[in-house]
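An overview of the molecular structure
One-letter residues, chain by chain:
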Amino acid sequence: MQSVSEPTQQSSDLKESSPLWKKLLGSSITDAEALSKFCSYPLNVEELKKVIKKYPMSVNPYYLSLIEDVNDPIWKQCIPDVKELSEQNGVEDPLHEEVDSPVPGLTHRYPDRVLLLVSNQCGMYCRFCTRKRKVGDPFKRITKEQIMRGIEYIREHTEVRDVLLSGGDPFLLSDSYLEWILKEVRKISHVEVIRIGTRVPCTLPQRVTPELCSMLKKYHPLYINVHFNHPAEVTDASKMACEMLADVGIPLGNQSVLLKGVNDDPKVMKELVHKLLMMRVKPYYIYQADLVRGTNHFRTPVKTGIEIIRALRGHTSGMAVPHYIIDTPGGGGKIPLLPNYIVSKEKNKLTLTNYECRLFEYPDIDE
Ligand SMILES: *Cc1c(COP(=O)(O)O)cnc(C)c1O
Ligand code: SF4
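Below you will find a few notes about this structure. Keep in mind that what you see is a predicted model, and the values were worked out from it rather than measured. (Residues numbered from 1 in each chain as written. Chains lettered and ligands numbered in written order. Predicted model: local features only at pLDDT ≥ 70, side-chain atom pairs only at ≥ 80, totals over all residues. Heavy atoms only, no water.)

For the structure on display, the rule yields 4 aromatic pairs. Between Tyr284 and Tyr285, the aromatic rings sit 3.9 Å apart at their centres with planes inclined by 25°, giving stacked as the arrangement. Seen from their ring centres, Tyr285 and Tyr287 are 5.5 Å apart, and the 70° between their planes marks the pair as edge-to-face. You can call Tyr287 buried: its relative accessible area is 14%. Ring-pair connections join several aromatic residues into one group, and the members of that group are Tyr284, Tyr285 and Tyr287. We note Lys132 situated over the ring of Tyr55; from NZ or CZ to the ring centre the distance is 4.3 Å. Of note, Lys144 hangs over the ring of Trp180, and the distance from its end group to the ring centre comes to 4.4 Å. (Phe/Tyr/Trp six-rings, centres within 6.5 Å; stacked < 30°, edge-to-face > 60°. Buried < 20%, exposed > 50% of the residue type's maximum accessible area, 1.4 Å probe, protein only. Lys NZ or Arg CZ within 6 Å of the ring centre and 35° of its normal.)

Structure follows, in structure tokens:
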């Protein structure tokens, strides 16, 4: 495996003045031939071409440089697998995001908050993505008109106090375009908090520039959820990106997806949550992988997620323990799952189990 950390030829076509992150994006591997040149391992180029035609690939030189071996946890997240086309399980839109959209690109599922898609591009296309049906497709770009309709909906719905900008990745937008969105949303007096979901601090940390940070800090209270799945994704560069965001006062959370062969192991997850706290990121959610067509090979049993929580709670800082969530198929929303700590209940006597599996009685009181 050749290590790639510098932008290659194509970047010389771009203007000298373009920032490093754009050069890196411009040097991404996007087709099967380029991939087979990078990889000494024989790949099924014809089959991969078909996969990429349906679900785009884009691996920038930074994320590519994190791969150490074929099929390692980084590889699995970014390199297409022929199984993506053969698997018939799952559906295109398992969370009914389109069904629950009053206007295109906006999902209003919970009483007081909405999800607004502002970009369909990402720093890298994750093979397990829930929005595989639309990310990276040049025909499914999100227009300014669509975003304006979403903002109009928020303005008309005074119950919305929390707006979650997502995608794709909002940080793939230019600073000025993202600022326009933030400014418009901030003008709405009933919107209390704005959240951004981004994977850029993990997949393209060079995108987090001082200019971006000084723009973002004007729109507080602003929260950011990042997306790291494996300790090998925590590097000096990603640490710097998270610290720059934290330094402008943005509280950072992390959302991971539980993925077979990547992080379905309590030891790996424990290392990850510790590394996250070291870069001032609070583990927020671990998601059970959604039932998305073409991602069945990533699915893990629910038992695995519960075991991970059991291995964390009590054994390490409470701050390091995320909630384990199933986002229910059909638009039921997020449901947290916990190990069962209540062993039995007899009248007012509760029997509880602690993290060491020792039993304790608790005298409850009458309601
Ligand atoms: C995940 C999600 C949210 C935010 O959920 P929280 O539990 O508040 O983080 C809001 N709307 C939709 C449609 C979502 O999928
Ligand atoms: S960064 Fe997020 S939206 Fe983009 S491909 Fe990965 S999981 Fe999907």
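Attention now goes to the sheet that holds strand β12 (residues 359–363). Spatially, the 3 strands line up as an open sheet ordered β10-β11-β12, and their pairing is antiparallel. Lying at the two open borders of the sheet, with one neighbouring strand each, are β10 (342–346) and β12. The average angle at which neighbouring strand axes cross in this sheet is 20°, direction not considered. Pairing of strand β11 (residues 349–353) with β12 involves 5 bridges; the strand directions are antiparallel. (Pairing = 2+ DSSP bridges. Helix = DSSP H or I, 4+ residues; strand = E, 2+ residues; numbered from the N terminus. Axes fitted to C-alpha atoms, helices over the stretch in contact; angles between N-to-C directions.)

Before going further, it helps to spend a moment on the environment of Ser176. By secondary structure assignment, the location of Ser176 is in helix α8 (residues 175–186). Considering only alpha carbons, one finds Ser176 and Met215, 39 residues apart in sequence, at a separation of 8.7 Å.

It is worth spelling out the pairing of β10 at this point. With 4 bridges joining them, β10 and β11 adopt antiparallel strand pairing. Looking at the pairing, Glu346 lines up with Lys349 of β11. Connecting the antiparallel pair β10 and β11 is a turn made up of 2 residues, with Lys347 showing a positive phi of about 45°.

This brings us to the packing of helix α12 (residues 266–278) against helix α13 (residues 302–312). At a closest axis distance of 9 Å, the pairing of α12 and α13 adopts a crossing angle of 55°. Between α12 and α13, the angle falls in the class oblique. Regarding α12 and α13, the two cross each other, and that crossing is right-handed. Contacts from Pro266, Met269, Lys270 and Val273 of α12 reach α13 at Glu307, Ile308, Ala311 and Leu312. Classifying every residue of the contact of α12 with α13 by side-chain character gives 6 nonpolar, no polar and 2 charged. (Parallel < 35°, antiparallel > 145°, perpendicular 65-115°, else oblique. Left-handed = near helix turned anticlockwise from the far one by under 90°. Contact = heavy atoms within 4.5 Å. Nonpolar A, V, L, I, M, F, W, Y, C, P; charged D, E, K, R; others polar.)

Going through the model one piece at a time under the given rule, you end up with 29 salt bridges. The shortest N-O distance in the salt bridge between Lys132 and Glu84 comes to 2.9 Å. Highlighted residues: Lys132 in the loop between β2 (113–117) and α7 (144–156) and Glu84 in helix α6 (residues 83–86), separated in sequence by 48 residues. One exposure class covers both Lys132 and Glu84, and it is buried. Across the salt bridge formed by Glu97 and Arg133, the nearest N and O atoms sit 3.2 Å from each other. One end of the pair, Glu97, is in the loop between α6 and β1 (106–110); the other, Arg133, is in the loop between β2 and α7, and 36 residues separate them in sequence. (Salt bridge = Lys/Arg side-chain N within 4 Å of Asp/Glu carboxyl O.)

With that out of the way, let us pick up the site of ligand 2. Ligand 2 sits among Cys122, Met124, Tyr125, Cys126, Cys129, Gly168, Arg199 and His227. Taken together, the residues of the shell around ligand 2 break down into 5 nonpolar, 2 polar and 1 charged. (Near = heavy atom within 4 Å.)

Below, the discussion takes up the sheet that holds strand β3 (residues 162–166). Strand pairing in a sheet is mediated by backbone hydrogen bonds. Such pairs are either parallel or antiparallel. With respect to topology, 9 strands assemble into an open sheet ordered β1-β2-β3-β4-β5-β6-β7-β8-β9, the strand pairing being mixed. Either end of the sheet is taken by a strand with one partner, and the two such strands are β1 and β9 (333–337). Taken over all neighbouring pairs, the strand axes of this sheet differ in orientation by 25° on average, direction set aside. As judged from the 3 bridges shared by β1 and β2, these two strands associate in the antiparallel manner.

By themselves these figures say nothing about function.
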